[in-house]
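Listed below, chain by chain, are the residues.
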Amino acid sequence: MNKREKKSLVWCLIAVCLLMTVVPPTNAAEKNYLNESEAETDARMQWWRDARFGMFIHWGIYAVPGGIHKGRSLSGGAEWIMASLQIPKDEYEKFADQFNPTDFDADEWVRIAKDAGMKYIVITSKHHDGFCLWDSDVTEYDVIDATPYDRDILQELEDACNEHGVKLCFYYSIMDWHHPDASGDSFPKYRDEYMKPQLKELVERYDPAVLWFDGEWIKEWTEPQGKELYNYIRSLKPDIIINNRVGKGRQGMQGMNKGEGYAGDFGTPEQQIPATGLEGVDWESCLTMFHHWGYHKNYQKWLRSGDSFIRDLIDTTSKGGNCLLNVGPTPEGTFPPPCVQRLDQIGDWIETYGESIYGSTASPFTKTPWGRCTAKPGKLYLHVYDWPADNKLVVPGLKNKVASAYILGGMEGNKLSTTRKGDDVVIDVPPKMDSVATVVVLEIEGEPEVLPWMARPDDAGTVTLKAEDADIKGANVRLEQKGENANIGYWTGENDTVSWKFKVDKAETYKVQLSISCEAGYEGGTYQVALDGKQLTGDVSKTEGWTDYETVSPGQVELEPGQYNLDVKPQKFGSGNALMNLEWVKLVPTD
Ligand code: H79
């Protein structure tokens, strides 16, 4: 392109942008559902917020190869086999001839989900490969027309879900590797003559509670199209819920939106749980039971324990989000038995402790060192992972008056005694119970009034200030997760400061220790520790690399009982532009 052509292209783009601002993308007479009031959103989202736990199902003809084709296995998810092994369309289509899931029993699937405590099911109506699990009018590439199996899977699931009171929801991929118009210039044709008619079929025939989009990252898809599609679907079913992948707001796998103004009702972290929730933002972490989303023949290799899924559910709930746990059924139409066994295990836990999950909201605490907390009006549910050795459960920095305390699950009548110790509440708990997370209920008066987390001495009297609990201030300095070692890194500004609050309850002389690392070429700096009006300094020597930590001590401090603030910051940089990585600071009693 020459300069002149470039110039006219730029003018052309400017003209298009101007036009787009004066001509709204949707018919002005239609309702803009993106402008609904907070009360309307709250009413629409209520069942979803209360539900907290759903089942994701990835099922399609990719289950037939199960991650292995012609002796080749793949790097990505088993449901991506067409793309990752570059299987030509006509060759891939042949898996449809072998898709004959005669063991499929919608009623059993829904019962398994319900017994696991799941309130909704999200199934792939169409994944990236384009194959459809219902009898679509606009394609033959579906379970009725292209496979020997002659049953409408989505219809059977809808009937079973209605029967059991579980909400049925559909995943739908915008990206489509099968449809000839789904990429390039003909994309609008695919959108208007294929995608939208399919979505209309799905909404009108099966009445889904949620539409869960994916594959929105393709270059053809834009935020204005996302907004238009959002409004189109809401116009078909006004109270439907739609995820944020309908538009372009999502920030990668982290899943939350880049900012305000994007279409979609909830964020979609994928294969991860955010470090903290976000006040006023709905989100759902989707997690798969065995690394792949679709069925993989070697799934057992990756299958995690039932306990880990229970803790994931507690974790998402304690941060104010939902958990969508995925299973990839076999080509025969069953859930792999070890998955069912884990789902049973989750269901057992839910049966005892479900009250602490459904309808609960995020923890009011910044940190509960023994586990997690969920809340309902007047109640705090303390999910204890690490049972206190002395049977005294410390609820840190809770100002409210306590009404009562008891353990959930048939022990409600057995009240536990509580005492106030300064800002903390201490609950006398019985010896450790046999559960991955025992739930202690603390009934309190009024709205929770909670102080920010403050570190305190452990049984040996040592105060540990961890990187993940630090208050970090500076341009670049940040919390990093490298391998096992969460640490504070990118320490490049002279005012970059990390701080902790802690308290001690008796007079003591402490040795201050830091666990630091420094790659060769950066050594020679000095750090400063400020505590109780005193300053200690120490040198930064090189270690084997940024992940090789060494414990150093800049000196001792004498402290009286009380609350303190400890700051660490650079005093002088060494030969590089970063000071050090810091894993933790400890105050170790000297006697
Ligand atoms: O259906 C399951 C997976 O098959 C599908 N989503 C889950 C629910 C999935 N497809 N791709 N991926 C997951 C990973 C893809 C990541 C990327 Fe991207 C797409 C990297 C670049 C484009 C997402 C969008 C992350 C960055 C931009």
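What you are looking at is a predicted structure, and each value in this text was computed from that prediction instead of being measured.

How should the overall build of the chain be read in this particular structure?
Helices and strands together make up the secondary structure of the chain, namely 11 helices and 27 strands. Taking 591 residues into account, the globule formula puts the C-alpha radius of gyration at 25 Å, and the chain, at 28 Å, falls close to it. Oriented by its inertia axes, the alpha-carbon framework of the chain measures out at about 80 × 75 × 55 Å. Counting over 591 residues, the chain shows a buried share of 53%.

Which parts of the structure should I look at to understand the domain arrangement of the chain?
Note on interface size: it is often stated as the accessible area lost on association of the parts. According to the domain assignment, the chain consists of domain 1 (3-70 + 78-356), domain 2 (371-444) and domain 3 (463-589). For domain 1 and domain 2, the distance between their C-alpha centres works out to 38 Å. Residue-level contacts link 12 residues of domain 1 with 16 residues of domain 2. In total, about 1,300 Å² of surface goes out of reach between domain 1 and domain 2, with carbon and sulfur atoms giving 58% of it. Among the residues of domain 1 in contact with domain 2, Arg311, Tyr353 and Glu355 are the three that bury the most area, contributing 46% of the side total. Inspection of the domain 1/domain 2 interface yields 2 salt bridges.

I'm lost on the nonpolar core in this one. Help?
One recurring pattern in soluble globular proteins: nonpolar side chains tend to sit buried together. By size, the foremost hydrophobic cluster in this structure holds 121 residues, and its most contacted members are Phe213, Ile233, Trp349, Leu382, Ile427 and Val440. Among the elements that make up this core, the one with the highest residue count is helix 8 (residues 187-206) (8 residues). Counting the residues that make up this core, at least three belong to each of domain 1 (3-70 + 78-356) and domain 2 (371-444). Residue contacts for Ile233: discarding those within four places in its chain leaves Leu199, Val203, Leu211, Phe213, Ile240 and Ile242. Membership of the second largest hydrophobic core comes to 36 residues, among which are Val504, Ile516, Val529 and Leu531.

Explanation requested: the site of the ligand in the structure shown.
In the neighbourhood of the ligand, 15 residues make up the surrounding shell, with His58, Glu79, His127, Asp214 and Glu270 lying closest. Interatomic distance of 2.6 Å between a side-chain N/O atom of His58 and an oxygen atom of the ligand. Of the residues belonging to the shell around the ligand, the class tally is 6 nonpolar, 4 polar and 5 charged.

What's the story with the pairing of strand 10 (residues 371-376) in this structure? I'm lost.
Regular strands place side chains that alternate from one sheet face to the opposite one. With 6 bridges joining them, strand 10 and strand 11 (residues 379-384) adopt antiparallel strand pairing. Residue Arg372 lies in a different strand from strand 11, and its bridge partner there is His383. Hairpin remark: strand 10 followed by strand 11, antiparallel, with 2 residues in the connecting loop; positive phi at Gly378, about 80°.

Any chance you could explain the sheet that holds strand 12 (residues 392-395) here in plain terms?
The pairing of strands in a sheet happens through backbone hydrogen bonds and is either parallel or antiparallel. Strand order in the open sheet formed by 3 strands is 12-15-14, with antiparallel pairing between adjacent strands. Every other strand in the sheet has two partners, leaving strand 12 and strand 14 (418-421) as the edge strands with one partner each. Neighbour-to-neighbour, the strand axes of this sheet turn through a mean angle of 25°, independent of strand direction. Pairing geometry for strand 14 and strand 15 (residues 424-428), over 4 bridges, is antiparallel. Following the sheet pairing, Thr419 is matched in strand 15 by Val426.

Any chance you could explain the pattern of salt bridges here in plain terms?
Where side chains of opposite charge bring their charged atoms close, a pairing between them can arise. By the definition in use, this model includes 31 salt bridges. In this structure, Lys189 and Glu193 form a salt bridge, with 3.1 Å as the shortest nitrogen-oxygen distance. Of this pair, Lys189 and Glu193 both sit in helix 8, separated by 4 residues, roughly a single helical turn. Of the charged contacts, one joins Asp471 and Lys473 as a salt bridge, the two residues approaching to 3.2 Å between their closest N and O atoms. Look at Asp471 and you get partly exposed, because its relative accessible area is 39%. It is possible to trace a salt-bridge network through shared partners that takes in Glu36, Arg44, Arg234 and Asp265.

When you look at the side chain of Glu270 in this model, what are you seeing that I'm missing?
Tracing the chain through its elements places Glu270 in the loop between strand 7 (241-242) and strand 8 (284-288). Excluding anything up to four places from it in sequence, Glu270 contacts Arg245, Arg250, Met253, Cys286 and Trp293.

When you look at the packing of helix 10 (residues 306-318) against helix 11 (residues 337-353) in this model, what are you seeing that I'm missing?
When two helices pack together, their arrangement is given by the angle between the helix axes and the distance between those axes. Running from N to C, helix 10 and helix 11 cross one another at 50°; their axes reach a closest spacing of 8 Å. As the angle between them shows, helix 10 and helix 11 are arranged oblique. As for the relative orientation of helix 10 and helix 11, their crossing is right-handed in sense. Contact residues: helix 10 offers Gly306, Asp307, Phe309, Ile310, Leu313 and Ile314, while helix 11 offers Arg342, Gln345, Ile346, Trp349 and Ile350. When its residues are assigned to classes, the contact of helix 10 with helix 11 shows 7 nonpolar, 2 polar and 2 charged.

How should the packing of helix 8 against helix 9 (residues 223-236) be read in this particular structure?
It is the contact of helix 8 with helix 9, at a shortest axis distance of 10 Å, that shows an interaxial angle of 30°. Looking at the two axes, helix 8 sits roughly parallel to helix 9. Where helix 8 crosses over helix 9, the two elements pack in a sense that is right-handed. Of the residues in helix 9, those in contact with Phe187, Arg191, Met195, Lys196, Leu199, Lys200, Val203 and Glu204 of helix 8 are Gln225, Glu228, Leu229, Tyr232, Ile233 and Leu236. Residue composition of the contact of helix 8 with helix 9, by class: 8 nonpolar, 1 polar and 5 charged.

Is there a simple way to think about the packing of aromatic side chains in this case?
Any two aromatic rings considered together are summarised by their centre-to-centre distance and by the angle between their planes. Within this structure, the stated rule accounts for 26 aromatic pairs. Measuring from ring centre to ring centre gives 5.4 Å for Phe187 and Tyr190, while their planes differ by 50°; the resulting arrangement is tilted. Within this pair, Phe187 and its partner Tyr190 are both found in helix 8, separated by 3 residues, close to a single helical turn. Taking relative accessible area as the criterion, Phe187 reaches 2% and is therefore assigned buried. In this structure an aromatic cluster arises from ring pairing among Trp59, Phe99, Phe104, Trp109, Phe131, Tyr141 and Phe335.

What is the right way to look at the environment of Ser363 in this model?
Tracing the backbone shows Ser363 in the loop between helix 11 and strand 10. In the structure, Ser363 is positioned 86 residues away from Gly277 in sequence and 9.3 Å away in space, judged by C-alpha atoms. Side-chain polar atoms of Ser363 contact the backbone nitrogen of Phe365, separated by 3.0 Å.

How do you make sense of the pairing of strand 24 (residues 534-539) when you look at a structure like this?
For strand 23 (residues 526-531) and strand 24, the ladder comprises 6 bridges, and the chain directions are antiparallel. Bridge pairing in strand 24 links Ala530 to Gln535. The loop that links strand 23 with its antiparallel partner strand 24 comprises 2 residues; one of these, Asp532, has a positive phi angle of about 55°.

Here is what the cut-offs are and how they apply
Residues numbered from 1 in each chain as written. Predicted model: local features only at pLDDT ≥ 70, side-chain atom pairs only at ≥ 80, totals over all residues. Heavy atoms only, no water. Helix = DSSP H or I, 4+ residues; strand = E, 2+ residues; numbered from the N terminus. Rg over C-alpha atoms; globule rule 2.2 N^0.38 Å. Buried < 20%, exposed > 50% of the residue type's maximum accessible area, 1.4 Å probe, protein only. Domains from an automatic or database assignment. Contact = heavy atoms within 4.5 Å. Buried area = accessible area lost by both parts, 1.4 Å probe. Salt bridge = Lys/Arg side-chain N within 4 Å of Asp/Glu carboxyl O. Core = buried A, V, L, I, M, F, W, Y, C linked by side-chain atoms within 4.5 Å. Near = heavy atom within 4 Å. Polar contact = N/O pair within 3.5 Å; in protein donor to acceptor, adjacent residues only side chain to side chain. Nonpolar A, V, L, I, M, F, W, Y, C, P; charged D, E, K, R; others polar. Pairing = 2+ DSSP bridges. Axes fitted to C-alpha atoms, helices over the stretch in contact; angles between N-to-C directions. Parallel < 35°, antiparallel > 145°, perpendicular 65-115°, else oblique. Left-handed = near helix turned anticlockwise from the far one by under 90°. Phe/Tyr/Trp six-rings, centres within 6.5 Å; stacked < 30°, edge-to-face > 60°.

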